[in-house]
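Overview (structure and organization)
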Amino acid sequence: AISYGPATAPLFIYWSTVPRSMFTLFKTITGGISWEEVAQPLTDVHWSWVFVLIVYICWAQMAVLNVLTGAFCQNAIESAAHDQDLQIQAILLDKQNYLREV
């Protein structure tokens, strides 16, 4: 059983309500708070809640990183395709200029 007192204050600060819990989860994945700071009170409840927190953080980090990486790669691919089109246009223009001169 959990005793209520000053030692359980972090548990109530971070996890007492659904909105607080959601805000705590948001802060953990955006760097607003240390993971250890919010995981420590969960160890007093049960170790499985710490495991759930770790799985959430890993999932959220991977999802965010994949989206950012995908956006960056897509932008690079589009830029490379645009550069190739510009090179082809320059070559065709040079060819036309050469034919006019001859």
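Rules of the game
- Residues numbered from 1 in each chain as written.
- Predicted model: local features only at pLDDT ≥ 70, side-chain atom pairs only at ≥ 80, totals over all residues.
- Heavy atoms only, no water.
- Axes fitted to C-alpha atoms, helices over the stretch in contact; angles between N-to-C directions.
- Helix = DSSP H or I, 4+ residues; strand = E, 2+ residues; numbered from the N terminus.
- Parallel < 35°, antiparallel > 145°, perpendicular 65-115°, else oblique.
- Contact = heavy atoms within 4.5 Å.
- Nonpolar A, V, L, I, M, F, W, Y, C, P; charged D, E, K, R; others polar.
- pLDDT = per-residue confidence, 0-100.
- Patch = residues over 30% accessible without salt bridge, like charges linked within 9 Å, V, L, I, M, F, W, Y side chains within 5 Å.
- Areas by Shrake-Rupley, 256 points an atom, 1.4 Å probe, with all protein chains shown as cover.
- Salt bridge = Lys/Arg side-chain N within 4 Å of Asp/Glu carboxyl O.
- Core = buried A, V, L, I, M, F, W, Y, C linked by side-chain atoms within 4.5 Å.
- Buried < 20%, exposed > 50% of the residue type's maximum accessible area, 1.4 Å probe, protein only.
- Left-handed = near helix turned anticlockwise from the far one by under 90°.

**Examining the packing of helix α3 (residues 35–45) against helix α4 (residues 47–101)**
Where α3 contacts α4, the axes come no closer than 8 Å and their chain directions differ by 150°. The angle between α3 and α4 places the two elements in the roughly antiparallel class. Here α3 contributes Trp35, Val38, Ala39, Leu42, Thr43 and Val45 to the contact with α4, which in turn contributes Trp49, Val50, Leu53, Ile57 and Gln61. Grouping the constituent residues of the contact of α3 with α4 by class yields nine nonpolar, two polar and no charged.

**A look at the confidence of the model for the protein chain**
Overall, the prediction assigns the protein chain a mean pLDDT of 86, with 92% of residues at 70 or greater. Per-residue pLDDT, averaged within each element of the protein chain, yields its smallest value for α4 (86) and its largest for helix α2 (residues 18–30) (93).

**Details of a nonpolar patch on the surface**
There is a patch of nonpolar side chains on the surface, built from Val45, Trp47, Trp49, Phe51, Val52 and Val55 and spanning about 660 Å² of accessible area. Looking at which element gives the most residues to the nonpolar patch, the answer is α4, with five residues. Positionally, Trp49 belongs in helix α4.

**Structural notes on the nonpolar core**
Leu11, Tyr14, Trp15, Ile33, Val38, Ala39, Leu42, Val50, Leu53 and Ile57 together form the largest nonpolar core, which totals 10 residues. Every element with two or more residues in this core is listed here: α1 (9–15), α3 and α4. Setting aside residues up to four positions removed in sequence, Leu53 forms contacts with Trp15, Leu25, Trp35, Val38, Ala39 and Leu42.

**A look at the packing of α2 against α4**
In a pair of packed helices, the angle between the axes and the distance between the axes together describe the arrangement. Running from N to C, α2 and α4 point in directions that differ by 55°, and their axes come no closer than 10 Å. By the criterion of interaxial angle, the relationship of α2 to α4 is oblique. Judged by the sense of rotation from one axis to the other, the crossing of α2 with α4 is right-handed. The segment α2 lies against α4, with Leu25, Phe26, Thr28 and Ile29 engaging Leu53, Tyr56, Ile57, Ala60 and Gln61. Considering only residue class, the contact of α2 with α4 consists of seven nonpolar, two polar and no charged.

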